Amino acid sequence: MSVYSVIFYAVSVVIVTATALAITQRNPIHAVVYLVVSFLGSGILFFLLGAPFLAAVEVIIYAGAIMVLFLFVVMMFRIEKVEPKGYPRLQWGPALLCGALFLSLLSLAAFRDPMGRAILETFVVSPADLGRWVFQKYWLSIEGISLLLFLALLAAIHLGRVPREKAREEE
Amino acid sequence: MIVPYSHVLVLAAVTFVLGLVCILARRNLVMTLIGIEVMMNGAAIAFIASGLRWHQLEGQAFVLFIIGVAAAEVSVGLALIIGAYRRVGSADSDTYSILKG
Amino acid sequence: MVATPSHDWTLLASVLAVLPPFLSFVTIVLFTRPYPRLSAGLSITAVSFSVMSALMLLLVQGTKGPETYMGTWLISSDVRIPLGFLLDPVSLLMLSIVAVISLLVQVYSVGYMAGDPGFSRYYAFQSLFAGAMLSLSISPSMIQLYVFWELVGLSSYLLIGFWYEKFSATEAGKKAFVMTRLGDICLFLGVLLVLINLGNLNIQELNNPAVAQRLSPGLITLCALLIFGGIVGKSAQFPLLTWLPDAMEGPTPVSALLHSATMVAAGAFLFARLFPFMSLSPTALTVFLTIGTITMVMASTMAVVDRDIKKVWAYSTISQLGYMIMGMGAGGYFAGFFHLTTHAAFKSLLFLCSGVWIHYYETNDLFDIASRQGRRFKIPIICLVLAAASLSGIPPLSGFFSKETVLDALAEGHSPVWLGLGLVGAFFTSYYSFRVVFILLFPKGTEEAHYAHRNSSIPSSEEKGSYWVMAVPLLVLAAIVLVLGFFKRTLTDFLAGPPVPSGRGWIFYASMAFVLCGLGLAWFEFGRKGAGQVGAFEKVRPLRLLFANRWYLDHFYRLLLRVVVYKTFAYLAIRNDRQVIDSGLDAFCGTTVESGRMLSRLQSGLVRNNFLLAFVALALLGLWFYFL
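Here the residue numbers are simple positions, counted from 1 along each chain's written sequence. Chains and ligands are labelled by the order in which they are written, letters from A for the one and numbers from 1 for the other. With the structure being a predicted model, the display of local features is reserved for residues of pLDDT at least 70 and the display and counting of side-chain atom pairs for 80 or more, all residues being used for whole-chain, interface and lining totals.

Student: Just to check I follow, could you spell out the overall build of chain B for this structure?
Tutor: Helix and strand assignments follow DSSP, with helices taken as H or I runs no shorter than four residues and strands as E runs no shorter than two, numbered in order from the N terminus. Along the backbone of chain B there are three helices and zero strands. The helix and strand sequence of chain B, counted from the amino end, reads α-α-α. With C-beta atoms placed from the backbone, a contact is any residue pair whose C-beta atoms sit within 7 Å. A separation threshold of at least 6 residues defines the contact pool for chain B, and within that pool the share at least 24 residues apart is 48%.

Written out as structure tokens, the structure is:
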């Protein structure tokens, strides 16, 4: 029972609670904020599991860019609260059942496998080592990802543009 | 000495399932996208833990790619939501039911 | 059978007797439909060939022993079904009768059917009938006989419904076909039974007692009764007799040929043909005797009250056929067959004479014809009186001789009932024939008589040709009627019939008494001056209704049809069709459509439901692959 396990359990509680709260909020903005907390917790977890670079990337990009993008869109286009108050059984019932099914399956798989009994050792991978290794071995995927990001940029610009007639009206 | 590998996997599973429930239970389109993000986060946790267990760097490399893909996908998804919201006037997925029956 | 040179000409003659009418039928149907005179000429030429061959065969071959020509038609394991000709006295006599009367009727039809739009079609069917009937007469095996039996039934249907625009004619044709079909089913069953048990349908072998007795007596009786079923249908015996009066819808020459002389006589001919086989079973013969007697008495009562001249002769035909069957059933095979021969002559003569009046006056009603002075047509009226006298059995006409022979055969039986009923039948016969004669000879009703006297006339000069075309066959037949009786001795030797028993003189006096009673009653009621022209039987209302409604047989059949066929079978079939088949199919289709509709409701149109399904499927797959 070392320090690291305590930290791990605490962080996992944070992640789970924050995520659970995030998914049950009516207001999307509240949900986003809770989710930021969850991602911060994920970042700490990654740090614990020996990936400092990824922890940084998670916080900067995931929590810092993506969630902020969500906030921009929700606030600018005034996407309202859509759902009614309370949690309708017809909506949440099947979802919770499916989730329970999945969870039981996955945890069963995790606990029954003899591979799972191994205890994780602390280890730290320096960013330089990670970078060198990725760019040497998986340079093609890096190129692919960059192309993907470029295309996503194009798509977002095109899909988000205002139709010409409306633009003229707004002017 | 941190924790047994299976515990981390269970954490990843719980996160994944929470994302799944979010997708299945929420009507707001934005919440659907948030659910997807949560699922990807869960997958990333699982990958990093696996990389640590087997002392291979592929786990971490893949998380890099996951985050990259998540970014691309969120931007396109939000652009689509904006387009749909402009046309239909509502972000409720229940209004998008022309294929009913 | 190898044909040696001395037999060659008989084979040729047989083929020549049978084939030309079929060829003429085919030619008329295919080629000469637009040329009526050519068709008539073709048909009459073909039948003349048949007549010449038949008479030659009769005179030359008949004195020698029976001759057979057979080729094999079907072989199936140990069953050989032959095709060919059987030339023995019975078949040759029948052949000649059919050929001669066909020729006379076809010549007569030139005048009768003149101007009819279906002239060629009529001669085509006449040829078909002639060919079929001639082949039937000289068939050596039951199968060939059955084939031509059916063919003859077909021509009868075609000719009865000849004027098919008249609904009653088509109905009559259908009725005839269906009723004779019932008889034919029994006949076919009998033939099949014989085939199964004997392996052989050769008529000569059937008639051979040594061969036929291989069957058990019960089986012989059953086969005989079944074959008699066919005879009941074809010869209009009780209970299948109501089709024959309705068959009078056809043209009069058709009635003369088919429904008096030849086709209906085919039944009696079959009886004579298979007489040795049938006589092996005394039970069967008694049954036949009973049915023949019932028919004879029933039909002669029906003839007593009818006003339609053709119907009277139709009932008379049924009655006389019953008389023939009676004779043969009592063991007098020659008696029945001799009566068949004489009956063919005088009955066809009766029909043809009536046809002259029907052609000129276009009415079938007795009193109508009489009041229009039908007696002014000299040749028809004289021939009618002659034929009616022969029918009643007045000596020295041919009918007298044949009737006497039948009564002799009946007298030889065990019980006097049959003879008594035969004499009663003779009374009725002479009563109804002379009723017709006296009505036509002495028409009553003063004003109509004078009026008709002025307006009716012997045919004008342009019609003289058609009148003589009709009159000449009448004269020929009258000659035959006069003369045939004196050939009784010759025919007895020819057909190897039993010797005429002597010492039965009392039968002659008894029968003459009954006949003269009938004649006298008819004279009293119809002939003498001041007679009421209403018969004794017609005055008694229940009797008149009974006789006029054909002893309610038609009503019985209609009831049977309504209850058994329409109410039960047809009703059940319709119910099955509607409720089982139709609604079964409808239910099946409906279920398919409804289940499709239900399945389509699964599509809620909401994306999150699709997600749900996808993830549940994924979970189950994972379960399957990981744990199982």
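Student: Just to check I follow, could you spell out unusual backbone geometry for this structure?
Tutor: Trans peptide bonds make up most of the peptide bonds, and negative phi angles are found at most residues other than glycine. The omega torsion of the bond from C:Phe238 to C:Pro239 falls at 0 degrees, within 30 degrees of zero and hence cis. Residue C:Pro396 is bonded to the preceding C:Pro395 through a cis peptide linkage, with omega at -5 degrees. For A:Arg78, which is not glycine, the phi torsion reads 50 degrees and is therefore positive. In this structure, A:Arg78 sits in the loop between helix H3 (52-76) and helix H4 (89-112). Put plainly, a residue is buried at 20 or more neighbouring C-beta atoms within 10 Å of its own, exposed at 12 or fewer, and partly exposed in between, counting only other residues' C-beta atoms, which are placed from the backbone. Classification of A:Arg78 by C-beta neighbours within 10 Å gives exposed; the count is 8. In this model, B:His55 sits at a positive phi of 50 degrees, which is unusual for a non-glycine residue. Its location among the elements puts B:His55 in the loop between helix H2 (29-53) and helix H3 (58-88). Take B:His55: there are 11 C-beta atoms within 10 Å of it, and that puts it in the exposed class.

Student: What is the right way to look at the packing of H4(A) against helix H1 (residues 5-25) of chain B in this model?
Tutor: Helix-helix packing is described using two parameters, namely the angle between the two axes and the distance between the axes. Closest axis-to-axis distance for the H4(A)/H1(B) pair is 9 Å, and the angle between their directions is 160 degrees. What the angle tells us is that H4(A) and H1(B) run roughly antiparallel. The two elements H4(A) and H1(B) cross, and the hand of that crossing is right-handed. Under the convention adopted here, Pro, Cys and the residues Ala, Val, Leu, Ile, Met, Phe, Trp and Tyr are nonpolar, Asp, Glu, Lys and Arg are charged, and Gly plus all remaining residues are polar. Looking at the contact of H4(A) with H1(B), its residues break down into 19 nonpolar, four polar and no charged. Note on method: axes are straight lines fitted to C-alpha atoms, helices fitted across the in-contact stretch only, with angles between N-to-C directions ranging 0 to 180 degrees. Roughly parallel means an angle under 35 degrees; roughly antiparallel means over 145; roughly perpendicular covers 65 to 115; every other angle is labelled oblique. Rotating anticlockwise by less than a right angle from the far helix to the near helix defines a left-handed crossing, while the corresponding clockwise rotation defines a right-handed one.

Student: For this particular structure, what's the right way to read the nonpolar core?
Tutor: Side chains of a nonpolar character, in soluble globular proteins, are inclined to be buried together. Nonpolar cores are identified as sets of buried Ala, Val, Leu, Ile, Met, Phe, Trp, Tyr and Cys residues joined via C-beta atoms within 7 Å. Formed by 190 residues in total, the largest nonpolar core has its most connected members in C:Leu95, C:Ala99, C:Leu349, C:Ala387 and C:Val481. In terms of residue count, helix H16 (residues 333-361) of chain C provides more of this core than any other element does, 18 residues in total. Beyond its immediate sequence surroundings of up to four residues, C:Leu95 is in contact with C:Ala17, C:Ala54, C:Leu57, C:Leu134, C:Ser137 and C:Ile138. Counting 77 residues, the second largest nonpolar core, distinct from the first, contains A:Ala22, A:Leu54, B:Val17 and B:Ile34.

Student: Please explain the confidence of the model for chain B as it appears in this structure.
Tutor: For any part of a model where pLDDT is low, the fine detail of the predicted coordinates should not be relied upon. Every residue is assigned a pLDDT by the predictor, reflecting its confidence on a scale from 0 to 100. Per-residue confidence for chain B gives a mean pLDDT of 92, with 100% of residues at or over 70. Across the interface, the model reports ipTM at 0.91; the global pTM reads 0.69.

Student: Whenever I open this one, the environment of C:Met263 confuses me. Can you help?
Tutor: Residue and element names in this part refer to chain C. Among the structural elements, Met263 can be located in the loop between helix H11 (252-261) and helix H12 (265-273). On the basis of neighbour counts, which here come to 26 C-beta atoms within 10 Å, the residue Met263 falls in the buried class. Here the alpha-carbon distance between Met263 and Ala132, two residues 131 residues apart in the chain, equals 10.0 Å.

Student: Whenever I open this one, the interface of chain B and chain A confuses me. Can you help?
Tutor: Think of interface size as the accessible area that goes away when the parts come together; that is how it is often given. Residue-level contacts link 57 residues of chain B with 72 residues of chain A. Elements with a contribution of two residues or more to the side of chain B that touches chain A: H1, H2 and H3 of chain B. Sorting elements by how many residues they give to the side of chain B that touches chain A places H3(B) first, with 20 residues.

Student: Which parts of the structure should I look at to understand the interface of chain A and chain C?
Tutor: Every contact between the two is made by six residues of chain A and, on the other side, seven residues of chain C. When the residues that make up the side of chain A that touches chain C are grouped by side-chain class, the tally is six nonpolar, no polar and no charged.

Student: What is the right way to read helix H20 (residues 416-441) of chain C from this model?
Tutor: Each α-helix turn comprises 3.6 residues. Residues three or four places apart therefore point the same way. Across its 26 residues, H20(C) extends 37 Å between first and last C-alpha, which sits within 8% of the 38 Å expected from 1.5 Å per residue. Where burial is concerned, most of H20(C) is hidden: 19 out of the 26 residues are buried. Expected span, for any helix, means 1.5 Å times one less than how many residues it has.

Student: Help me understand the environment of C:Leu258, please; the structure alone is not making it clear to me.
Tutor: Residues and elements named next belong to chain C. Mapped onto the elements, Leu258 comes out in helix H11. We classify Leu258 as buried; it has 28 C-beta atoms within 10 Å. Along the sequence, Leu258 and Met133 sit 125 residues apart, while their C-alpha atoms lie 9.6 Å from each other. Setting aside residues no more than four positions away along its own chain, Leu258 makes contact with Phe129, Ser156, Leu159 and Met263.

Student: Got a minute to help me understand the environment of C:Gln237 in this structure?
Tutor: All names here are of chain C. Within the secondary structure, Gln237 is located in the loop between helix H9 (217-234) and helix H10 (243-246). For the pair Gln237 and Met298, spaced 61 residues apart in the sequence, the C-alpha separation amounts to 10.0 Å. Apart from the residues lying within four places of it in its own chain, the contact partners of Gln237 are Ile231, Val232, Ile291, Gly292, Thr295, Leu321, Gly322 and Ile325.

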